[in-house]
Amino acid sequence: EPEVTQTPSHQVTQMGQEVILRCVPISNHLYFYWYRQILGQKVEFLVSFYNNEISEKSEIFDDQFSVERPDGSNFTLKIRSTKLEDSAMYFCASSTQGARGSQYFGPGTRLLVL
Amino acid sequence: EDQVTQSPEALRLQEGESSSLNCSYTVSGLRGLFWYRQDPGKGPEFLFTLYSAGEEKEKERLKATLTKKESFLHITAPKPEDSATYLCAVQDVEKLTFGTGTRLTIIP
């Protein structure tokens, strides 16, 4: 069964450093998402991406964040200058359609900012 | 603002003891209501999508139902491997808004 994959599974970085989280969505999916989950809290939406453009983003997704689909298979989330409060699990998800589409999540990247 | 409230926060059941988890929601325009299972340290695993009041879906020991204000996840004769956190989410346009989940423990 096709799955969303994410790398790395864990990342430790120093405050102020840039990190790039990588995702390979399910191959026939066209809609891509990033969510995050701070330890013990809800899963929160960050951004949705379709046709090489951001289609929706949350208040969390400020100028420090960016997304890119650099090739036909990868989808990345970049945090330019990490803060302590960016420590969380980051999940990538993908879907065959936007509205009303079932979103399938990857296993996550655990980011720890020191 | 979309809101999702799940209850109870935690539920402990004996193996074989059936029960229901509740998800109440407010959303400006519901595109879909989603149920996920999440194991510790893992990503949410998709279970069901419900689109309109009255709809029901089943998978093994799980059955999800939807009304205009809430959804229920019924678990029948659960087994220890059903232990997990069950998340409910509503979709408005594309984004999913999640509840805090119900942590279900099935005792052998």
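Here the structure is a predicted model, which is why all the values come from computation and not from measurement.

Draft legend 1. Structural context of the overall build of chain A. When helices and strands are tallied, chain A shows 0 helices and 11 strands. In chain A, the order of α-helices and β-strands from amino to carboxyl end is β-β-β-β-β-β-β-β-β-β-β. The C-alpha radius of gyration computed for chain A amounts to 13 Å, which stays within 12% of the reference 13 Å derived for 114 residues, consistent with globular compactness. Here the C-alpha coordinates of chain A stretch approximately 35 × 30 × 30 Å along the principal axes. For chain A, buried positions account for 47% of its 114 residues. A sequence separation of at least 24 residues applies to 54% of the contacts in chain A between residues at least 6 apart. Here chain A displays about 5,900 Å² of accessible surface, and carbon together with sulfur accounts for 46% of that area.

Draft legend 2. Broad picture of unusual backbone geometry. Omega for the bond connecting T7 of chain A with P8 of chain A falls within 30 degrees of zero, at -10°, which places this linkage in the cis form. Mapped onto the secondary structure, P8 of chain A falls in the loop between β1 (5–7) and β2 (10–13). P8 of chain B follows S7 of chain B through a cis peptide bond whose omega is -10°. Within the secondary structure, P8 of chain B sits in the loop between β1 (3–7) and β2 (10–14). Phi at A77 of chain B is positive, roughly 45°, even though this residue is not glycine. Residue position: A77 of chain B is located in the loop between β8 (70–75) and β9 (84–92). Here V93 of chain B, not a glycine, exhibits a phi torsion of approximately 65°, which is positive. Following the sequence through the fold, V93 of chain B ends up in the loop between β9 and β10 (95–98).

Draft legend 3. Structural view of the sheet that holds β1 of chain A. Residue and element names in this part refer to chain A. Taken in spatial order, the 4 strands line up as β1-β3-β8-β7 in an open sheet, and their pairing is antiparallel. If you trace the sheet from one side to the other, it starts and ends with β1 and β7 (65–68), each paired once. In this sheet, adjacent strand axes meet at a mean angle of 20° when their direction is disregarded. When β1 meets strand β3 (residues 19–24), the two strands line up antiparallel, connected through 3 bridges. Residue T7 lies in a different strand from β3, and its bridge partner there is R22.

Draft legend 4. How the structure looks around the packing of aromatic side chains. Within this structure, the stated rule accounts for 16 aromatic pairs over all chains. A centroid spacing of 4.2 Å and a plane angle of 5° characterise the contact between Y31 of chain A and Y50 of chain A, whose relative ring orientation is stacked. Within this pair, whereas Y31 of chain A is found in strand β4 (residues 31–37), its partner Y50 of chain A is found in strand β5 (residues 43–50), the two being separated by 19 residues in sequence. Note on Y31 of chain A: relative accessible area 15%, which makes it buried. Look at Y36 of chain B and F46 of chain B: their rings are 5.9 Å apart centre to centre, the planes differ by 75°, and that puts the pair in the edge-to-face class. Taken together, the residues Y36 of chain B in strand β4 (residues 32–38) and F46 of chain B in strand β5 (residues 45–50) connect sequence positions 10 residues apart. Taken together, the ring pairs connect Y33, Y35, F45, F91, Y104 and F105 of chain A together with F34, Y36, F46 and F98 of chain B into an aromatic cluster.

Draft legend 5. The pairing of strand β9 (residues 88–95) of chain A, seen in detail. All names here are of chain A. In terms of burial, β9 is largely enclosed, as 8 of its 8 residues are buried. A two-sided burial pattern is seen for β9, the buried positions comprising A88, Y90, C92 and S94 on one face and M89, F91, A93 and S95 on the other. Two strands pair when backbone bridges link them, and β9 and strand β11 (residues 109–113) are joined in this way by 3 bridges, in the antiparallel orientation. Paired with A88 across the two strands is L111, which belongs to β11. Summarising the sheet, β9 and strand β10 (residues 104–105) pair through 2 bridges and their orientation is antiparallel. Across the sheet, the residue bridging to S94 is Y104, located in β10.

Thresholds applied
- Residues numbered from 1 in each chain as written.
- Chains lettered and ligands numbered in written order.
- Predicted model: local features only at pLDDT ≥ 70, side-chain atom pairs only at ≥ 80, totals over all residues.
- Heavy atoms only, no water.
- Helix = DSSP H or I, 4+ residues; strand = E, 2+ residues; numbered from the N terminus.
- Rg over C-alpha atoms; globule rule 2.2 N^0.38 Å.
- Buried < 20%, exposed > 50% of the residue type's maximum accessible area, 1.4 Å probe, protein only.
- Contact = heavy atoms within 4.5 Å.
- Areas by Shrake-Rupley, 256 points an atom, 1.4 Å probe, with all protein chains shown as cover.
- Pairing = 2+ DSSP bridges.
- Axes fitted to C-alpha atoms, helices over the stretch in contact; angles between N-to-C directions.
- Phe/Tyr/Trp six-rings, centres within 6.5 Å; stacked < 30°, edge-to-face > 60°.

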